[in-house]
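# Secondary and tertiary structure notes
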Amino acid sequence: MKRLFYFLIIPFSYLSSNAQIVADASTKDTLTAVQNNFDDLQDYADDLPWHARRFKVTAGAFFPVNNTQIEVGTNNGNRATEIDLEDDLGFSKSSSSFMGTFDWRISRRSRLGFEFFSLNRSSSKTLQKDINFGDNTYKVNSRVSANFDVQIARIAYGYAFLSKPKYEAGLLIGAHVLFADLGLRLDANQASLEYHDSFNFTAPLPDIGIWGEFVLGKRFGLYVNANYLAVKIDNIDGRIVSYNLSLLYNVYQNLSITAGYTGLNFKVDTTREHLNGFLKWGYNGPTIAATYSFGNHVKLYKH
């Protein structure tokens, strides 16, 4: 009986021991595979042709929805009328515009960005109320033409407090520079009765904000930023809020397309020559653009 017991227990012990060895090896292989896959996910971000390059150029179209109020009076105390460009002067709320950006990665953590946006709008409408604008009063039922031309340039410095192969985040400090030209003209049957007023100014509007850039996959990336500041500089009192979210899809090598949503809201009080002006403008809408990245890769470390 004892011989039978030993005969049964010895093979069983061998099988149990062998099974344990196989299980340990299988577990070790699984953990190694998981670690390798994780390392691959971390490593491939360093080799993406569109990510973390020294330079990046973007050009495309912006389709903003506008909401604009203006008020332009004189320094001698003539009371101006607050005008809603879309409701009172017939400007279209929706529009389209060109936008372009240039980004330079100075180092692993530092970057410098330049942006440009241009929008020229015009309208013609029969007035539903009297409007005091500049030196003249435009009477109800008069036919007027108006223009609102704006260019916005921006420069911003960004510093990354987090700088990893698959994500970066940091602070922004910069300024939007607004070049605005507002014009209103009375359309009359006789040229001698026509008159017009214009008000143009340049307003630098500093801002600070946060930004983040994320690798979502081998062909997908995401960029977000938000900025705000209220400041008074000489004869300009301004406040600005801006934001942007862009999803990138890499088409081939260094060429990508981006689709996003951008918004900017600002209020400016300014004095120019004998005129006092107030402008409150908000716009937001989708963007679509092409992006080309070039230059050497900036090394982003895991640790």
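The following paragraphs examine the structure supplied in this document.

Cut-off values and rules
- Residues numbered from 1 in each chain as written.
- Predicted model: local features only at pLDDT ≥ 70, side-chain atom pairs only at ≥ 80, totals over all residues.
- Heavy atoms only, no water.
- Helix = DSSP H or I, 4+ residues; strand = E, 2+ residues; numbered from the N terminus.
- Buried < 20%, exposed > 50% of the residue type's maximum accessible area, 1.4 Å probe, protein only.
- Contact = heavy atoms within 4.5 Å.
- Polar contact = N/O pair within 3.5 Å; in protein donor to acceptor, adjacent residues only side chain to side chain.
- Core = buried A, V, L, I, M, F, W, Y, C linked by side-chain atoms within 4.5 Å.
- Pairing = 2+ DSSP bridges.
- Phe/Tyr/Trp six-rings, centres within 6.5 Å; stacked < 30°, edge-to-face > 60°.

## Structural notes on the overall build of the protein
Regarding its fold elements, the protein presents 2 helices and 14 strands. Out of the 303 residues belonging to the protein, those deemed buried represent 40%. Counting contacts in the protein only where the partners sit at least 6 residues apart, residues at least 24 apart contribute 68% of the total.

## A few points about the environment of G170
Looking at where G170 falls in the secondary structure, it is placed in strand β9 (residues 167-187). Considered as a pair, G170 and G209 are 39 residues apart in the sequence and their alpha carbons are 8.7 Å apart. Sequence-distant contacts of G170, that is, excluding residues within four places in its chain, are made with Y159, A160, F161, G209, I210 and W211.

## What to know about the environment of K139
Tracing the backbone through its elements, the reader meets K139 in the loop between β7 (136-138) and β8 (143-163). Residues K139 and K129 lie 10 residues apart in sequence; the distance between their C-alpha atoms is 6.8 Å. What K139 contacts, discounting residues up to four positions off in sequence, is L127, K129 and D130.

## So, the side chain of D88
With respect to the element layout, D88 can be found in helix α2 (residues 85-88). A distance of 3.4 Å separates a polar atom in the side chain of D88 from a polar atom in the side chain of K129.

## Things to note about the nonpolar core
Counting residues in each nonpolar core, the largest one holds 38 residues, and the members touching the most others are L89, F133, L178, F266 and W281. Discounting residues that sit within four places of it in the chain, F133 has contacts with I70, V72, I83, Y138, L182, L184, D197 and S198.

## Notes on the pairing of β8
As paired elements, strand β5 (residues 110-126) and β8 share 17 bridges and run antiparallel to each other. Following the sheet pairing, L112 is matched in β8 by Y157. Relative to β9, β8 runs antiparallel, the two sharing 20 bridges. Within β9, the residue paired with A153 across the bridge is V177. In this structure, the hairpin formed by β8 and β9 is closed by a connection of 3 residues.

## Things to note about the packing of aromatic side chains
Within the structure shown, the criterion is met by 14 aromatic pairs. For the pair F62 and F117, a centre-to-centre distance of 5.4 Å together with 65 degrees between the ring planes defines the contact as edge-to-face. Linking F62 in strand β1 (residues 53-62) with F117 in strand β5, this pair joins segments that are 55 residues apart in sequence. The exposure classification of F62 matches that of F117, with both residues buried. Their ring planes at 65 degrees and their centres at 5.4 Å tell us that F62 and Y283 sit as a pair that is edge-to-face. Here F62, found in strand β1, pairs with Y283, found in strand β14 (residues 275-297); they are 221 residues apart in sequence, far enough to count as distant. Summarising the burial analysis for this pair, F62 and Y283 share the class buried. Pairwise contacts between aromatic rings join F62, F117, F148, F266, W281 and Y283 into one cluster.

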